[in-house]
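Chain residues, written in single-letter form:
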Amino acid sequence: MHRVDVASAQGDYAVLVGEGLLDRLPSILADEGLAAPSVVVSNETVGPLYGRRLAAALACPPPLELADGEEYKRWPAVETTCSHWLGRGVHRSSSVLAVGGGVVTDTVGFAAAVYQRGIRWLAVPTSLLAMVDAAVGGKTGVNLEQGKNLVGAFWPPRLVAVDVGTLATLEERELRAGLVELVKAAWIGDHDLLALVPRRVARYADLSPAGWCAAVVGAVRVKAEVVAADEREAGRRKALNLGHTLGHALEAATGYTHLLHGEAVAWGTVAVARLAAQRGLLSQAAAARLEGVLRSLGPLPGIDGVSPERVLDHLARDKKLDDQGVAWVLPTDDGVVLDQRVGAEEARRVLLELQTG
Ligand code: NAD
Ligand code: GLY
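Just so we're clear, the structure is a prediction, and the values are computed from it rather than from any experiment. (Residues numbered from 1 in each chain as written. Chains lettered and ligands numbered in written order. Predicted model: local features only at pLDDT ≥ 70, side-chain atom pairs only at ≥ 80, totals over all residues. Heavy atoms only, no water.)

Visitor: Please explain the overall build of the protein as it appears in this structure.
Guide: Of the regular secondary structure elements, the protein holds 12 helices and 12 strands. A compact globule built from 357 residues would reach a C-alpha radius of gyration of about 21 Å, and the protein, at 19 Å, matches this within 12%. Among the 357 residues that make up the protein, the fraction classed as buried is 58%. Sequence separation of at least 24 residues holds for 73% of the intrachain contacts in the protein that already meet a minimum separation of 6. (Helix = DSSP H or I, 4+ residues; strand = E, 2+ residues; numbered from the N terminus. Rg over C-alpha atoms; globule rule 2.2 N^0.38 Å. Buried < 20%, exposed > 50% of the residue type's maximum accessible area, 1.4 Å probe, protein only. Contact = heavy atoms within 4.5 Å.)

Now the structure itself:
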């Protein structure tokens, strides 16, 4: 089992990564000095696969199984979760366990942040994207009609337990979407990790469990370093938004149904690679490498039919908007540069460039 410690002003915590961890979770919690959770929350897909089994092993009641989908990462899910906890007698000294992808960990983490002004939570991320990114770092929240993650809190979990074996049931498209966030972590903090990014992976079995562990651990180490330096995104943490500015706008402009989060980030990253190269911030060779590794993951759903006006509209309402406009992250040959201003016309031009191939 691998261990990455994450420093947090709200209490340091460990990210444990291995294969077969789920079956050992009760003893792992005991070894970590953590009380068993009172309640498990999952969703209607992951609950039957893993959540119910974990709840039984932890002597918890059957899990709350939320509706599955980004479109349900909204206030009603938070209310359902908090009401469920109240009904189960969850109190301020209790802890709760989230089992699922990033939608579940973001929603449950946020519910834990606001339930009785904050209770402890533990995360068992089961999608690759949640393992390498969403469950680590303490950002929690839900979407509003107007955009992604517009309501949230910094509320880190007390433990993240990653069992890479759960990736065996994840759909290929979701696996690829998770790999995009792995590429992001590699570009930001550890270019050697790019060599670990598996290309054209179709199934969990295409890579060894040790290979998956190494990839997840590498990405988590990068995220842990970034979050330790800047937990509340005053500076360095903004790097983790590489590809996300246009990515979020594309997701919102297509109603969260056409593109998975990782796919939208892939398009957003290709766009910023081109912008950075056009501005002379990124060499043509590095731009080709970044775009090449993303394209080698497999096909992305097209964005030809997406209205540029809608995308620009969402960009104009980005969370990172300040008096000078939206702050973008652009890639450089050895990392990223923060707080770059990209005007509407420049954004429109690069979007049209992507749309026309
Ligand atoms: P998701 O939670 O929707 O999971 C993707 C799909 O895979 C879902 O249908 C889910 O039920 C299913 N699934 C998950 N694990 C499975 C398994 N082992 N076997 C079979 N099916 C499984 O999406 P995601 O890609 O995990 O996460 C995306 C979300 O994470 C977005 O809302 C995004 O904003 C958020 N996010 C948050 C952070 C953060 O720092 N908090 C970082 C990145 C992304
Ligand atoms: N995924 C962005 C962050 O954690 O800051």
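Visitor: Explain the site of ligand 2 here, please?
Guide: Around ligand 2, the neighbouring residues are Asp133, Lys139, Lys184, Lys223, Glu233, Arg237 and Leu240. Within the side chain of Lys223, one N or O atom sits 2.7 Å away from an oxygen atom of ligand 2. Protein chains shield 88% of the accessible area of ligand 2, which is 200 Å² for the free molecule. By residue class, the composition of the shell around ligand 2 is 1 nonpolar, no polar and 6 charged. (Near = heavy atom within 4 Å. Polar contact = N/O pair within 3.5 Å; in protein donor to acceptor, adjacent residues only side chain to side chain. Areas by Shrake-Rupley, 256 points an atom, 1.4 Å probe, with all protein chains shown as cover. Nonpolar A, V, L, I, M, F, W, Y, C, P; charged D, E, K, R; others polar.)

Visitor: Honestly, the nonpolar core in this entry has me stumped. Any pointers?
Guide: Side chains of nonpolar character tend, in soluble globular proteins, to be buried together. Ranked by size, the top nonpolar core spans 102 residues in total, and within it Val15 and Trp85 carry the most contacts. Non-local contacts of Val15, meaning those with residues more than four positions away in its chain, are made with His2, Arg3, Val4, Val6, Val136, Val160, Val162 and Val220. Ranked by size, the runner-up nonpolar core spans 20 residues in total, among them Ala14, Leu21, Ala55 and Leu122. (Core = buried A, V, L, I, M, F, W, Y, C linked by side-chain atoms within 4.5 Å.)

Visitor: Quick question: what am I supposed to make of the pattern of salt bridges here?
Guide: Overall, the coordinates contain 24 salt bridges when judged by the stated rule. As a salt-bridge pair, Arg274 and Glu291 come within 2.9 Å of each other at their nearest N and O atoms. Note that Arg274 is positioned in helix 9 (residues 261-278) and Glu291 in helix 10 (residues 284-295), a separation of 17 residues in sequence. Taken together, the salt bridges that share partners define one network made up of Asp133, Glu181, Lys184 and Lys223. (Salt bridge = Lys/Arg side-chain N within 4 Å of Asp/Glu carboxyl O.)

Visitor: Looking at this structure, how should I read the sheet that holds strand 3 (residues 39-43)?
Guide: To summarise the sheet geometry, strands pair through backbone hydrogen bonds and adopt either a parallel or an antiparallel arrangement. Sheet architecture is open: 7 strands sit in the order 1-2-9-6-5-3-4, paired in mixed fashion. Only two strands of the sheet have a single neighbouring strand rather than two, namely strand 1 (2-6) and strand 4 (64-66). The mean angle between the axes of side-by-side strands here comes to 20°, regardless of whether they run parallel or antiparallel. Together, strand 3, strand 4, strand 5 (95-100) and strand 6 (120-125) form the strand contacts of helix 2 (residues 46-57), whose direction differs from that of strand 3 by roughly 170°. (Pairing = 2+ DSSP bridges. Axes fitted to C-alpha atoms, helices over the stretch in contact; angles between N-to-C directions.)

Visitor: What exactly am I supposed to notice about the pairing of strand 12 (residues 335-341) here?
Guide: Across a regular strand the side chains alternate sides, sitting on one face of the sheet and then on the other. Taken together, the 5 bridges between strand 11 (residues 325-332) and strand 12 define a ladder with antiparallel strand orientation. Counterpart to Thr332 in the pairing with strand 12 is Gly335. Following strand 11, the chain reverses through 2 residues before pairing antiparallel with strand 12.

Visitor: What am I meant to see in the site of ligand 1 here?
Guide: Around ligand 1, the surrounding shell holds 26 residues, and the nearest of these are Glu70, Thr126, Ser127, Lys148 and Thr169. Between ligand 1 and the protein, one listed contact pairs an oxygen atom with a backbone N or O atom of Gly102 at 2.8 Å. Breaking the shell around ligand 1 down by element, the ones donating at least two residues are helix 2, helix 4 (102-114), helix 5 (128-134) and strand 8 (147-154). In terms of residue class, the shell around ligand 1 is built from 7 nonpolar, 10 polar and 9 charged.

Visitor: Please clarify how the environment of Ala111 should be interpreted in this entry.
Guide: Along the polypeptide, Ala111 turns up in helix 4. In the structure, Ala111 is positioned 31 residues away from Val142 in sequence and 9.6 Å away in space, judged by C-alpha atoms. Beyond its immediate stretch of four places on either side in the chain, Ala111 contacts Val78, Thr81, Cys82 and Trp85.

Visitor: Before we go on, may I ask you to explain the packing of aromatic side chains in this structure?
Guide: Under the counting rule described, the total for this entry stands at 3 aromatic pairs. Their ring planes at 90° and their centres at 5.4 Å tell us that Trp85 and Tyr115 sit as a pair that is edge-to-face. Highlighted residues: Trp85 in helix 3 (residues 75-87) and Tyr115 in the loop between helix 4 and strand 6, separated in sequence by 30 residues. A residue is classified by how much of its surface remains accessible, and Tyr115, at 4% relative accessible area, is buried. Seen in terms of ring centroids, Tyr204 and Trp212 are 6.1 Å apart; in terms of plane orientation they differ by 15°. Their pairing is stacked. (Phe/Tyr/Trp six-rings, centres within 6.5 Å; stacked < 30°, edge-to-face > 60°.)

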